[in-house]
Amino acid sequence: MTTILDVERIEKSFGGVRAVQGVSFSIEAGEMLALIGPNGAGKSTCFNMLNGQLRPDAGRVRLLGQDITGLAPRRVWRLGVGRTFQITATFGSMTVRENVQVALLSHAHRLLRFWRPAPEHFADEADALLARVGMAEQAERACGVLAYGDLKRVELAIALANAPRLLLMDEPTAGMAPRERVALMALTRDIAREQGIAVLFTEHDMDVVFAQADRIIVLDRGRLIAEGSPAAVRANPEVQAVYLGAGLVHG
Ligand SMILES: Nc1ncnc2c1ncn2[C@@H]1O[C@H](COP(=O)(O)OP(=O)(O)OP(=O)(O)O)[C@@H](O)[C@H]1O
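As recorded by an unreviewed UniProt entry, the protein chain carries the name ABC transporter ATP-binding protein and is attributed to Plastoroseomonas arctica.

Some words on the pairing of strand 1 (residues 3-14)
Remember that side chains alternate between the two faces of the sheet whenever the strand is regular. The pairing of strand 1 with strand 2 (residues 17-28) spans eight bridges and is antiparallel. Within strand 2, the residue paired with Thr 3 across the bridge is Glu 28. Turn length for the strand 1-strand 2 hairpin, with the two strands adjacent in sequence and antiparallel, is two residues, and the turn residue Gly 15 shows positive phi of about 55°. Relative to strand 4 (residues 58-63), strand 1 is paired through five bridges, and the arrangement is antiparallel.

Here we look at the packing of helix 3 (residues 96-107) against helix 5 (residues 148-160)
Running from amino to carboxyl end, helix 3 crosses helix 5 at an angle of 25°, the nearest separation of the two axes being 8 Å. Comparing their axes, helix 5 and helix 3 come out roughly parallel. Taken as a pair, helix 3 and helix 5 cross one another with a handedness that is right-handed. Residue-level inspection shows Val 96, Asn 99, Val 100 and Ala 103 of helix 3 in contact with helix 5, the latter providing Val 154, Ala 157 and Ile 158. Taken together, the residues that form the contact of helix 3 with helix 5 break down as six nonpolar, one polar and no charged.

Some words on the site of the ligand
The environment of the ligand is formed by Phe 14, Val 17, Ala 19, Gly 37, Asn 39, Gly 40, Ala 41, Gly 42, Lys 43, Ser 44 and Thr 45. The set of elements that each furnish at least two residues to the shell around the ligand consists of strand 2 and helix 1 (43-50). Considering each element in turn, the shell around the ligand owes the most residues, three residues, to helix 1. Within the shell around the ligand, the residues separate by chemical class into four nonpolar, six polar and one charged.

Parameters at a glance
Residues numbered from 1 in each chain as written. Predicted model: local features only at pLDDT ≥ 70, side-chain atom pairs only at ≥ 80, totals over all residues. Pairing = 2+ DSSP bridges. Helix = DSSP H or I, 4+ residues; strand = E, 2+ residues; numbered from the N terminus. Axes fitted to C-alpha atoms, helices over the stretch in contact; angles between N-to-C directions. Parallel < 35°, antiparallel > 145°, perpendicular 65-115°, else oblique. Left-handed = near helix turned anticlockwise from the far one by under 90°. Contact = placed C-beta atoms within 7 Å. Nonpolar A, V, L, I, M, F, W, Y, C, P; charged D, E, K, R; others polar. Near = placed C-beta within 6 Å.

Below you can see the structure in the form of structure tokens.
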């Protein structure tokens, strides 16, 4: 197995708040790792330290053995860390295909100011990505008119255009209907396995987490309190105590 991401004792405080305290974990190629925890546990802070938005106070982040701690987000992205956002980041007036073409051009280091919406630029590659996420038939539609669940698939195609080694997904299914959530994460899981992409995702829907994660890590008040398979994490008394009443135990 290839370790894609290795996080070693990262820390971050905001004033007196110790948002993340000595958290360590790693992710293998093709693995879906869920990061869960109650509100304020430190999940977003963790994410932001992985993609360069926040510099850790201490600790190390390594991508394929390379130290990326404290690098700027753009450099981290160039090295192969993709991220999908809670708020979809597409250009609404452009078509689905054009949005993916822009992402492919950007990955290919072309200067966007020289770009005109010429249909030939990376069109085949864009269509291949759209086919992979089940959006080929909607390639000509403007992103602005898509159903929310379809927009999420386009967003996944856009993230894949950067050929990520690690994909960070911060609440990828927020705002989606329950059945659509499972479908999106099952699709992500298939693609991750097929392409050897490591996926780290946060998610509040425990049905999605337990169905789609290969492994789960649990944060509580900045500390990692549990790590393991979905079955092991579900059976962990400390995790049950943290989530009591939140639907985990019976979920
Ligand atoms: N920029 C900031 N300035 C001050 N405090 C912050 C900042 N960002 C996060 N915090 C604090 O750090 C702690 C962890 O927050 P974080 O957003 O990482 O948690 P979370 O697990 O992502 O929560 P949620 O599930 O609600 O999104 C919280 O106490 C939060 O108030």
